[in-house]
Amino acid sequence: MATMADGDKHLRRIAESFKDLAATVNSNSDLEVGPFSRACSNVSVLFSCLGIAFKFAELDYVAKVRDLSEASKSIGSLKAMLERDVEQNRVRVAGSHSRNLLRVKRGIDMVKVMFEKILVSEGNSLKDPASVAYGQVFGPHHGWAVRKAVAAGMYTLPTKSQLMRMLNEDEASARVHMQNYVSASAPVILYVEKLFLSRELGIDW
């Protein structure tokens, strides 16, 4: 399992970076690729903390976020990035920025759902929150073999208290940051979905 450097408050950093993105969205401004990719990069530590069950998600997510970070060097906004792929007929091409954006959106959505379930669940197990989040967000896009491997990996998840220790949080502070992330990520996820849906590109591929 991953361990964090002493005093490193990843959960707070994640929540604060998404609060900044939400403020941009709520002011009706376009989200820029740079701040979006940096905020999403902060989330990758959570996948590493979840161990082997989400190793596939961690590797895929990190690679896709890295691509968006590279794209930010030449493309200003997520809107402009998507429009460029539309013009080049590359939206659904493997490795395109737009396709990677959709995958990254699913990653931050899965974390949002998992946090929502953790906040209302009793006990010390992460199995139910993680299973529900996976089944709701990733499961519909994965084949039987991947779903079976993930289900087996769920038994290796850290406990809730172990996750808190990895993230250098106590339960009270973690709950605050998780709720802040849930609230802040919702408009960001909706913004990305609308970029695709407003162009009739769909989001379920």
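Look above for the structure.
Residues numbered from 1 in each chain as written. Predicted model: local features only at pLDDT ≥ 70, side-chain atom pairs only at ≥ 80, totals over all residues. Heavy atoms only, no water.

Caption draft 1: Local environment of the packing of helix H5 (residues 97-120) against helix H6 (residues 127-138). The contact between H5 and H6 brings their axes to 8 Å, and the two run at 145 degrees. Two packed elements cross with a definite hand, and for H5 against H6 that hand is right-handed. Note on element contacts: H6 touches H5 through Pro 129, Ala 130, Val 132, Ala 133, Tyr 134, Gln 136, Val 137 and Phe 138, opposite Arg 106, Gly 107, Asp 109, Met 110, Val 113, Met 114, Lys 117 and Ile 118. Per-class residue counts for the contact of H5 with H6 are 11 nonpolar, two polar and three charged. (Axes fitted to C-alpha atoms, helices over the stretch in contact; angles between N-to-C directions. Helix = DSSP H or I, 4+ residues; strand = E, 2+ residues; numbered from the N terminus. Left-handed = near helix turned anticlockwise from the far one by under 90°. Contact = heavy atoms within 4.5 Å. Nonpolar A, V, L, I, M, F, W, Y, C, P; charged D, E, K, R; others polar.)

Caption draft 2: Representation of the layout of surface pockets within the structure. Taken as a whole, the largest pocket holds about 200 Å³ of empty space. Together, Phe 56, Ala 57, Asp 60, Tyr 61, Arg 103, Arg 106, Phe 138, His 141 and His 142 line the largest pocket. Those elements that place two or more of their residues in the lining of the largest pocket are helix H3 (55-71) and H5. Ranked by the residues each element gives to the lining of the largest pocket, the list is headed by H3, at four residues. Classifying every residue of the lining of the largest pocket gives four nonpolar, two polar and three charged. (1 Å grid on protein atoms, 1.4 Å probe; cavity = no way out; pocket = protein on both sides within 12 Å on 5 of 7 lines; lining within 4 Å. Points joined across faces, edges and corners; volume = space filled by probe spheres on them.)

Caption draft 3: Layout of the side chain of Glu 193. Relative to the assigned elements, Glu 193 resides in helix H9 (residues 171-197). Residue Glu 193 is classed as buried on the basis of its relative accessible area, which comes to 16%. Setting aside residues up to four positions removed in sequence, Glu 193 forms contacts with Lys 105 and Ile 203. (Buried < 20%, exposed > 50% of the residue type's maximum accessible area, 1.4 Å probe, protein only.)

Caption draft 4: Just empty space enclosed by the protein, in detail. On inspection of all chains with the given rule, the structure shows one cavity of 30 Å³ or more. Looking at the largest cavity, its volume works out to about 40 Å³. Forming the boundary of the largest cavity are Ile 118, Lys 160, Met 164, Glu 171, Arg 175 and Met 178. Of all the secondary structure elements, the ones that give two or more residues to the lining of the largest cavity are helix H8 (160-166) and H9. Sort the elements by how many residues they give to the lining of the largest cavity and H9 lands first, with three residues. Classifying every residue of the lining of the largest cavity by side-chain character gives three nonpolar, no polar and three charged.

Caption draft 5: Main features of the pattern of salt bridges. The final tally for this structure, using the stated rule, is six salt bridges. The partner of Lys 105 in a salt bridge is Glu 193, and the shortest N-O contact between them spans 3.0 Å. In this pair, Lys 105 is assigned in helix H5 and Glu 193 in helix H9, connecting sequence segments 88 residues apart. We classify Lys 105 as buried; its relative accessible area is 5%. Note that Glu 116 is salt-bridged to Lys 112, the shortest N-O span being 2.9 Å. Remark: Lys 112 and Glu 116 occur in helix H5; sequence separation between them is four residues, near one turn of the helix. Look at Glu 116 and you get partly exposed, because its relative accessible area is 28%. (Salt bridge = Lys/Arg side-chain N within 4 Å of Asp/Glu carboxyl O.)

Caption draft 6: Region of the structure containing the packing of aromatic side chains. Taken as a whole and assessed by the stated rule, the structure comprises five aromatic pairs. Note on Tyr 134 and Phe 138: the rings are 6.3 Å apart at their centroids and 50 degrees apart in plane angle, and the pair reads as tilted. Here Tyr 134 pairs with Phe 138, and both are found in helix H6, just four residues apart, close to one helical turn. Ring pairs connect the aromatic residues Phe 18, Phe 115 and Tyr 181, which therefore count as one cluster. (Phe/Tyr/Trp six-rings, centres within 6.5 Å; stacked < 30°, edge-to-face > 60°.)

Caption draft 7: Structural detail: the environment of Tyr 191. Mapped onto the secondary structure, Tyr 191 falls in helix H9. In the structure, Tyr 191 is positioned 163 residues away from Asn 28 in sequence and 9.9 Å away in space, judged by C-alpha atoms. Look past the residues within four positions of Tyr 191 in its chain and what remains in contact with it is Val 25, Ser 29, Asp 30, Leu 31 and Leu 78.

Caption draft 8: How the structure looks around H3. Between its first and last C-alpha, H3 extends 24 Å over 17 residues, near the 24 Å set by a 1.5 Å rise per residue. Where H3 is concerned, the buried positions are Ala 57, Glu 58, Tyr 61, Lys 64, Val 65, Asp 67, Leu 68 and Ala 71. Packing partners of the buried residues in H3 comprise helix H2 (33-49), helix H4 (78-87), H5 and H6. (Expected span 1.5 Å × (residues − 1).)

Purely spatial values, then, with no claim about function.
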